[in-house]
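Summary of structural features
Spelled out from the first residue to the last, the chains are:
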Amino acid sequence: MAKPTTPTGGVPMPYAKVTGETLYQYLNRRDTALITDRSSFVPHWQLLSKFMLPRSTRFFTTDKNQTGGKRNSSIFNNTATLSLRTLRSGMMSGVTSPSRPWFILKTSDDKLNKKQAVKVWLDQVKNLMIATFLKSNLYTTLPLVYEDLGCFGPA
């Protein structure tokens, strides 16, 4: 039986079988649903931002940077901001420290993991990944991700 051709280059499109819509229609519908789901959280995120991270968030394209304006006037106690900073630093040093390996690679087959050639290959790949992480902006981005995770939930 021949595989059906798809506009995604052979990748199956399960949504087309169910809804009969094109990829564009499916993606538009999905985008609208995600925006609708997100909209109920935005007021809460804005309130959290106002008291914890007043200078680091913009939720809409209409939000503008205020040059010279004081945006942190709502903060009357910096406990939440300091706690967020502690969380961010703790996550960075405890989970993804750039100074030590924080992940291991192995296969799902225990017998395969014991073979010397597999161990050597996995170690080489791990070293390449570590080098790539160090050359990229991963370690400058992760603290921001952890900060957003601690403040807003999703990051």
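As a starting point, this report considers the structure included with it. Please read all numbers here as calculations on a predicted model, not as lab measurements. (Residues numbered from 1 in each chain as written. Predicted model: local features only at pLDDT ≥ 70, side-chain atom pairs only at ≥ 80, totals over all residues. Heavy atoms only, no water.)

**Quick word on the environment of Val-125**
Here is the rule we go by: In this description a helix means any DSSP run of H or I spanning at least four residues, a strand means any run of E spanning at least two, and both kinds are numbered starting from the N terminus. The rule is simple: take the accessible area with a 1.4 Å probe, protein chains only, and divide by the maximum for that residue type; under 20% is buried, over 50% is exposed, in between is partly exposed.
Counting through the fold element by element, Val-125 comes out in helix H6 (residues 116-135). What makes Val-125 partly exposed here is its relative accessible area of 22%. With 20 residues separating them along the chain, Val-125 and Leu-105 place their C-alpha atoms 8.3 Å apart.

**Structural notes on the packing of aromatic side chains**
Here the distance between the centres and the angle between the planes together describe a pair of aromatic rings. Note the following rule: Working definition: rings of Phe, Tyr and Trp (its six-membered ring) pair if their centres are within 6.5 Å, and the pair is stacked with planes under 30 degrees apart, edge-to-face with planes over 60 apart, and tilted otherwise.
Under the definition given, this model contains four aromatic pairs. Both rings, one in Phe-41 and one in Trp-45, keep their centres 5.6 Å apart while their planes meet at 15°; by these two values the pair is stacked. Exposure remark for Trp-45: the relative accessible area of 14% places this residue in the buried category. Here Phe-103 and Phe-133 contribute two aromatic rings whose centre-to-centre distance is 5.9 Å and whose plane-to-plane angle is 70°, an arrangement assigned as edge-to-face. Of the two residues, Phe-103 is situated in the loop between helix H4 (79-95) and helix H5 (110-113) and Phe-133 in helix H6; the sequence distance between them amounts to 30 residues. Like Phe-103, the residue Phe-133 is buried in the burial classification. Ring pairs connect the aromatic residues Trp-102, Phe-103 and Phe-133, which therefore count as one cluster.

**Observations regarding the packing of H4 against helix H7 (residues 138-152)**
The axes of two packed helices give the description: the angle between them and the distance between them. Put simply, the test is: Interaxial angle, 0 to 180 degrees, is taken between N-to-C directions of lines fitted to C-alpha atoms, where a helix line uses only the stretch in contact. Put simply, angles under 35 degrees are roughly parallel, angles over 145 are roughly antiparallel, angles from 65 to 115 are roughly perpendicular, and the rest are oblique. Left-handed describes a crossing in which the near helix is turned anticlockwise from the far one by less than a right angle; the clockwise case is right-handed. Contacts: residue pairs with any heavy atoms within 4.5 Å of one another. As a working rule, the residues Ala, Val, Leu, Ile, Met, Phe, Trp, Tyr, Cys and Pro are called nonpolar, Asp, Glu, Lys and Arg charged, and the rest polar, with Gly in that last group.
At a minimum axis distance of 9 Å, the contact between H4 and H7 shows a crossing angle of 130°. As the angle between them shows, H4 and H7 are arranged oblique. H4 and H7 meet at a crossing whose hand is right-handed. Counted together, Leu-84, Leu-87, Arg-88, Met-91, Met-92 and Val-95 of H4 and Tyr-139, Leu-142, Pro-143, Tyr-146, Glu-147, Leu-149, Gly-150 and Cys-151 of H7 form the full contact between these two elements. Residue classes in the contact of H4 with H7 are distributed as eleven nonpolar, one polar and two charged.

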